[in-house]
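# Remarks on the overall topology
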Amino acid sequence: MQFGVGVYPSNASGYIAGILFSFLMNVKFTFSTSLSLTRFIKFISACAICYIFNLIAMKVFLLFMPESVYAAQFIGMFFYTAIGFILNKFWSMK
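The residue numbering used here restarts from 1 in each chain and proceeds along that chain's sequence as written. Totals for whole chains, interfaces and linings use every residue, but because this is a predicted model, local features are given only for residues with pLDDT of at least 70 and side-chain atom pairs only at 80 or more, for both listing and counting. Computation of side-chain values covers all heavy atoms of the structure but excludes hydrogens and water.

## Let's talk about the overall build of the protein chain
- Labels follow the DSSP assignment, with helices taken as runs of H or I lasting at least four residues and strands as runs of E lasting at least two, numbered in each case from the N terminus. Looking only at helices and strands, one finds three helices and zero strands in the protein chain.
- When the helices and strands of the protein chain are read in sequence order from the N terminus, they spell out α-α-α.
- Based on the C-alpha atoms only, the size of the protein chain along its principal axes is roughly 45 × 25 × 20 Å.
- A burial count over the protein chain gives 31% of its 94 residues as buried.
- Here, residues are in contact when the closest pair of their heavy atoms is within 4.5 Å. Considering only residue pairs separated by 6 or more positions, the protein chain has 65% of its internal contacts joining residues 24 or more positions apart.
- The Shrake-Rupley method, run with a 1.4 Å probe sphere, supplies the accessible areas, and residue values consider only the shown protein chains as cover. Accessible surface for the protein chain amounts to roughly 6,200 Å². Of this, 77% is attributable to carbon and sulfur atoms. Accessibility here uses a 1.4 Å probe with only protein chains present; expressed as a share of the type maximum, an area under 20% marks a residue as buried, one over 50% as exposed, and anything in between as partly exposed.

## Description of helix H2 (residues 37-64)
- The span you would expect from a helix comes to 1.5 Å times its residue count less one. Compared with the 40 Å implied by 1.5 Å per residue over 28 residues, the 41 Å span of H2 between its first and last C-alpha is a close match.
- Within the span of H2, buried status applies to Arg39, Phe43, Ala46, Cys47, Cys50, Tyr51, Asn54, Ala57, Met58, Phe61 and Leu62.
- Looking at the packing, one finds that the buried side of H2 touches helix H1 (7-30) and helix H3 (69-92).

## Describing the packing of H1 against H2
- In the contact formed by H1 and H2, the axes pass within 11 Å of each other and the chain directions differ by 145 degrees. Regarding H1 and H2, the two cross each other, and that crossing is right-handed. Here Val7, Tyr8, Asn11, Ala12, Tyr15, Ile19, Leu20, Ser22, Phe23, Asn26 and Val27 of H1 come into contact with H2, specifically with Arg39, Phe40, Phe43, Ile44, Cys47, Tyr51, Asn54, Leu55, Met58, Lys59 and Leu62.
- Grouping the constituent residues of the contact of H1 with H2 by class yields 16 nonpolar, four polar and two charged. Only the stretch in contact is used when a helix axis is fitted, and all axes are lines through C-alpha atoms; the angle between N-to-C directions ranges over 0 to 180 degrees. In this scheme the handedness of a crossing depends on how the near helix is turned from the far one: anticlockwise by less than a right angle means left-handed, clockwise means right-handed. Classification used: nonpolar for Ala, Val, Leu, Ile, Met, Phe, Trp, Tyr, Cys and Pro, charged for Asp, Glu, Lys and Arg, polar for all others including Gly.

## A word on the nonpolar core
- By nonpolar core is meant a set of buried Ala, Val, Leu, Ile, Met, Phe, Trp, Tyr and Cys residues that side-chain atoms within 4.5 Å join together. Counting residues in each nonpolar core, the largest one holds 11 residues, listed as Tyr15, Ile19, Phe23, Val27, Phe31, Phe43, Cys47, Cys50, Tyr51, Tyr80 and Met93.
- The set of elements that each furnish at least two residues to this core consists of H1 and H2.
- Apart from the residues within four sequence positions on either side, Val27 is in contact with Ser32, Thr33, Ser34, Leu35, Arg39 and Met93.
- In this structure, Val7, Met58, Phe61 and Ala72 belong to the second largest nonpolar core, which totals five residues.

## Observations regarding a nonpolar patch on the surface
- A cluster of nonpolar side chains, Ile52, Ile56, Val60, Leu63, Phe64 and Met65, forms an exposed patch at the surface whose accessible area comes to about 650 Å².
- Within the secondary structure, Ile52 is located in helix H2. Put simply, a patch holds well-exposed residues, over 30% relative accessible area, that have no salt bridge, with like charges counted together within 9 Å and Val, Leu, Ile, Met, Phe, Trp or Tyr side chains within 5 Å. Every case where a carboxyl oxygen of Asp or Glu lies within 4 Å of a side-chain nitrogen of Lys or Arg is listed as a salt bridge.

## Let's talk about the confidence of the model for the protein chain
- Confidence of the predictor at the level of single residues is captured by pLDDT, which takes values from 0 to 100. Scored by pLDDT, the protein chain has a mean of 93; 100% of the residues are at 70 or more.
- The lowest-confidence element of the protein chain is H1, averaging 89 in pLDDT; the highest-confidence one is H2, averaging 96.

Below, the structure written as structure tokens:
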């Protein structure tokens with residue numbers, strides 16, 4: 001956002017950049033499992049679901065506090081992370 005990009009494009013670019021890194025780290029360290037195309041597709045699907053919840057959380061927050069764009073990013077990130085861990089633990093990394 002410091003470069004003049006809006007709230008949502010900056011949010012999306014951060015998540016896109018982090019998805020590949022996150023997948024590799026989750027496979028290797030968090031869930032200690034093996035790399036596979038099926039697991040990657042499930043992981044991407046989980047990320048998409050989490051991202052939708054992230055956007056909803058940000059939108060709702062910004063309805064009440066439209067000037068708090070940085071706090072909205074934090075709220076969205078919280079929902080993304082919590083839902084992502086649950087989906088990965090019980091579905092995509094199984």
